[in-house]
Amino acid sequence: MARIDLDLAHSYRPNPSQDSDYALLPLTMRFEDGGAYALLGPSGCGKTTMLNIMSGLLVPSQGRVTFDGVDMTRATPQQRNIAQVFQFPVIYDTMTVAENLAFPLRNRRVPEDRIRQRVGQIAEMLEMSHQLDQRAAGLSADQKQKISLGRGLVRSDVSAVLFDEPLTVIDPHLKWQLRRKLKQIHRELKLTLIYVTHDQVEALTFAEQVVVMTRGRVVQLGSPDALFERPAHRFVGHFIGSPGMNFLPVHSLGRSLRLEAHAMSLPEDIATLPEGELLLGVRPEYLVPCAASTPGAVPAEVVQVQDVGTWWLVSARIGAHEVKVRLGADAEVPAPGRPLWLQVLGPHTCFYNQNEALIA
Ligand SMILES: Nc1ncnc2c1ncn2[C@@H]1O[C@H](COP(=O)(O)OP(=O)(O)OP(=O)(O)O)[C@@H](O)[C@H]1O
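Residues numbered from 1 in each chain as written. Predicted model: local features only at pLDDT ≥ 70, side-chain atom pairs only at ≥ 80, totals over all residues.

Per an unreviewed UniProt entry, the recorded name for the protein is Carbohydrate ABC transporter ATP-binding protein (CUT1 family), and the organism is Sphaerotilus mobilis.

Our next topic: the overall build of the protein. Helices and strands together make up the secondary structure of the protein, namely nine helices and 21 strands. Dimensions of the protein along its principal axes, counting C-alpha atoms only, are 75 × 50 × 35 Å. Across the 360 residues in the protein, those meeting the buried criterion constitute 39%. Look at the contacts in the protein between residues 6 or more apart in sequence, and 66% of them connect residues 24 or more apart. (Helix = DSSP H or I, 4+ residues; strand = E, 2+ residues; numbered from the N terminus. Buried ≥ 20, exposed ≤ 12 C-beta atoms within 10 Å, placed from the backbone. Contact = placed C-beta atoms within 7 Å.)

The next thing to look at is the UniProt feature "domain: ABC transporter" (unreviewed entry) in the protein. As annotated in UniProt, the feature "domain: ABC transporter" (unreviewed entry) corresponds to residues 6-240 in the numbering used here. What you have in residues 6-240 is 37% helix and 22% strand, and the ends, taken at the C-alpha atoms, are 25 Å apart. (UniProt positions renumbered as here; feature names shortened; annotations may be inferred.)

Another point: the pairing of strand S19 (residues 339-343). Across two bridges, strand S15 (residues 289-290) lies against S19 in antiparallel orientation. Each residue of the ladder has a partner; that of Cys290, found in S19, is Trp341. The pairing of strand S16 (residues 297-307) with S19 spans five bridges and is classified as antiparallel. What sits directly across from Pro299, in S19, is Trp341. (Pairing = 2+ DSSP bridges.)

On to the sheet that holds strand S17 (residues 311-318). Read across the sheet, five strands follow the order S15-S19-S16-S17-S18 without closing on themselves; strand pairing throughout is antiparallel. Edge positions in the sheet fall to S15 and strand S18 (321-328), since each of these pairs with one other strand and no more.

Among the nonpolar cores identified, the biggest contains 71 residues, and Tyr37, Ala38, Leu39, Val161 and Ile194 are the most heavily contacted of them. The residues contacting Tyr37, other than those within four sequence positions of it, are Phe31, Leu193, Ile194, Tyr195, Ala207, Gln209 and Val211. In this structure, Leu279, Leu287, Ala300 and Cys350 belong to the second largest nonpolar core, which totals 25 residues. (Core = buried A, V, L, I, M, F, W, Y, C linked by C-beta atoms within 7 Å.)

When two helices pack together, you describe them by how their axes are tilted relative to each other and by the distance separating the axes. Contact geometry for helix H3 (residues 97-107) and helix H5 (residues 141-153): axes closest at 7 Å, N-to-C directions at 30°. With respect to H5, the element H3 is oriented roughly parallel. Read as a crossing pair, H3 and H5 show a hand that is right-handed. Contacts between H3 and H5 involve Val97, Asn100, Leu101, Phe103 and Pro104 on the former and, on the latter, Ile147, Gly150 and Arg151. Among the residues making up the contact of H3 with H5, the classes are represented as five nonpolar, two polar and one charged. (Axes fitted to C-alpha atoms, helices over the stretch in contact; angles between N-to-C directions. Parallel < 35°, antiparallel > 145°, perpendicular 65-115°, else oblique. Left-handed = near helix turned anticlockwise from the far one by under 90°. Nonpolar A, V, L, I, M, F, W, Y, C, P; charged D, E, K, R; others polar.)

Pasting the structure below:
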């Protein structure tokens, strides 16, 4: 396994002159040896470009890729010793499940007893032990993709295993199981895993560290908890969470704030802010209804209440701004049209200057 460092940019155009010409804007990133990472972002943000640069399918137009400090920018995928799992199964239909799983090891002339042991271990982890002697041709698309996952994981000497949206063809229930399984497999095998997805649930369940990308830019590298609690960029606040973070324009005077006509003092546990126009960010989970006298509360009006099964989604208006409030199934639910107070200032409140978070 290897530590992978990227210090590069990539444009598919010959003479890039503006940000929009780049699939990847200049970035510096480190993937630690043995880590479980997800590259997360909407379609077209540059995830596959980054993955292909790491695997060696693509040479970056600027900068370099190093594995444990050794320059690999122009090395082939084979020289990099990378395993890859793609969206669709890449297996041999004429072989059995066991032969498919053993293939990457036989290619490397691994001794047969070691192959048997490793194939057995991977099959057990993926709950395929009972299918080892079946021919792949007769299996469903789900099962075939599980074999692809197994083939990606079977070698213990790879620099990293790269997954490009590997659960796309998997049925939703099995998808849920496999996400958890991959996390467990990572703990047991301690391989470096890098997993591309546009699905936040997939990224947050699987990864220890998530790289959030938008329009060719890495906007945050952080733990699932950090992305939720302290989004470093407005995009992360909006993209992570269901629904995403609420943003409200405020005027700051350092230790006091004005939100529309309402003035508030900052509680002691929030550091002094720069003066001027800022955005306050508060997640729907933390925007709780409270008494009018609560410090950091503002008046609001309920617009709509939706039952979302295990929780309530309340849409409310604070002055001209619509916000979302997430209440537990057993919470007291306010009626539409009723005034209420919402606590916008608290330990979970974040502040943004344009797009970037203020590290308060
Ligand atoms: N071979 C290529 N030639 C030209 N432009 C490309 C090529 N591959 C990707 N792009 C462009 O580069 C940008 C990033 O694409 P990339 O496939 O890396 O994004 P992504 O986040 O993986 O998206 P998706 O989830 O849809 O695959 C997009 O604007 C895309 O149109």
